[in-house]
Amino acid sequence: MPGMNIPCPGTDKKGRLRNRYVELYAGPDYVFRSFSDTANSVYKQKRKESTKFSSAFSFGLRYTKLFNNNVSIRAGINYSQVNEKFNYEQGHIVQTVNIYDENGNVIGSYATTSTRYKTTYNRYHAIDIPVTVGYEMGNDRLRANINAGVVLNIYS
């Protein structure tokens, strides 16, 4: 916008390139699931029908150090959580219902059958440590950083 002097996020007040960054990030995730075939494909079909993706998210903290030769090292910690809804048939229930008179004596009974369903919410947690090496390029207006590295899982 004309008349507004907004500094580029990658420079300080004197226009020098910053060489350290601390990032805090958060966002939604989407999980792709697949089921491999087993000897009992009826089980696989029941598992697909009973489990539904609910939601997922990640958040983390990252530190980046940029060296004078435009090489960077980035490391941090990342927490991820996947939520799913699991519905299943817990079993068939046969319930005996007694009929009482006004004195509390049983004067009759009958049996009913039904199916009991159970809903469970599963939460899968992961804590990871991403470590990457990158190369930063660009000019004063636009910079890009290409990274490659590993993600070490410390908890699942």
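Report follows, based on the coordinates. (Residues numbered from 1 in each chain as written. Predicted model: local features only at pLDDT ≥ 70, side-chain atom pairs only at ≥ 80, totals over all residues. Heavy atoms only, no water.)

## Details of the overall build of the protein chain
Heads up, the rule is: Per the convention used, a helix needs a DSSP run of H or I reaching at least four residues, while a strand needs a run of E reaching at least two, with both numbered from the N terminus. Only protein chains enter the area calculation, which uses a 1.4 Å probe; residues under 20% of their type maximum are buried, those over 50% are exposed, and those in between are partly exposed. The criterion used for residue contact is that any of the two residues' heavy atoms lie within 4.5 Å.
The secondary structure content of the protein chain amounts to one helix and five strands. Reading the protein chain from its N end, one meets helices and strands in the order β-α-β-β-β-β. Relative to its 156 residues, the protein chain shows a buried fraction of 16%. Look at the contacts in the protein chain between residues 6 or more apart in sequence, and 61% of them connect residues 24 or more apart.

## Some thoughts on the pattern of salt bridges
Applied cut-off: One side-chain nitrogen of Lys or Arg within 4 Å of one carboxyl oxygen of Asp or Glu is enough to make a salt bridge.
Under the criterion given, the structure shown has three salt bridges. Between Arg74 and Glu23 there is a salt bridge whose closest N-O contact spans 3.8 Å. Here Arg74 is found in strand S3 (residues 71–100), whereas its partner Glu23 is found in strand S1 (residues 20–28), with 51 residues between them in sequence. Judged by its relative accessible area of 17%, Arg74 is buried.

## Focus: unusual backbone geometry
Of note, Asn70 is a non-glycine position whose phi angle comes to about 70°, a positive value. Relative to the elements of secondary structure, Asn70 occurs in the loop between strand S2 (51–66) and S3.

## Brief notes about the pairing of strand S5 (residues 143–155)
The two faces of the sheet receive side chains in turn, since in a regular strand these alternate between them. We count it as follows: At least two bridges found by DSSP between two strands are what make those strands a pair.
Two strands pair when backbone bridges link them, and strand S4 (residues 106–138) and S5 are joined in this way by twelve bridges, in the antiparallel orientation. When the bridges of S5 are listed, Thr132 appears paired with Gly149. Where S4 folds back on S5, the antiparallel hairpin that results is connected by four residues.

## Re the sheet that holds S4
For sheets, the rule is that strands pair by backbone hydrogen bonds, running either parallel or antiparallel. Note the threshold: Simply put, an axis is a line fit to the C-alpha atoms, just over the touching stretch for a helix, and the angle between two N-to-C directions goes from 0 to 180 degrees.
Strands sit in the order S1-S2-S3-S4-S5 across an open sheet of five strands; the sheet is antiparallel. Only two strands of the sheet have a single partner each, and these edge strands are S1 and S5. In this sheet, adjacent strand axes meet at a mean angle of 20° when their direction is disregarded. When S1 meets S2, the two strands line up antiparallel, connected through nine bridges. Directly across from Arg20, in S2, lies its bridge partner Lys65.

## A word on the packing of aromatic side chains
To describe a pair of aromatic rings, one takes the distance between the centres and the angle between the planes. Applicable threshold: Classification of ring pairs rests on two measures: the distance between centres of Phe, Tyr or Trp rings, Trp counted by its six-membered ring, which must be within 6.5 Å, and the angle between planes, read as stacked under 30 degrees, edge-to-face over 60 and tilted in between.
A complete count under the given rule lists six aromatic pairs for this structure. With centroids separated by 5.0 Å and ring planes inclined at 65°, the aromatic side chains of Tyr30 and Phe53 adopt a geometry described as edge-to-face. Here Phe53 lies in strand S2 and Tyr30 lies in the loop between S1 and helix H1 (41–50), a separation of 23 residues in the sequence. Classification of Phe53 as partly exposed rests on a relative accessible area of 28%. Look at Phe57 and Tyr79: their rings are 6.3 Å apart centre to centre, the planes differ by 45°, and that puts the pair in the tilted class. Of the two residues, Phe57 sits in strand S2 while Tyr79 sits in strand S3, which places them 22 residues apart along the sequence.

## Some details on the side chain of Ser80
We apply this condition: Residues adjacent in sequence count toward polar contacts only when both atoms are side-chain atoms; beyond that, a polar contact is any pair of N or O atoms within 3.5 Å, and within protein one must be able to donate a hydrogen and the other to accept it.
For Ser80, the location among the structural elements is in strand S3. Separated by 3.1 Å, the side chains of Ser80 and Asn78 make a polar contact.

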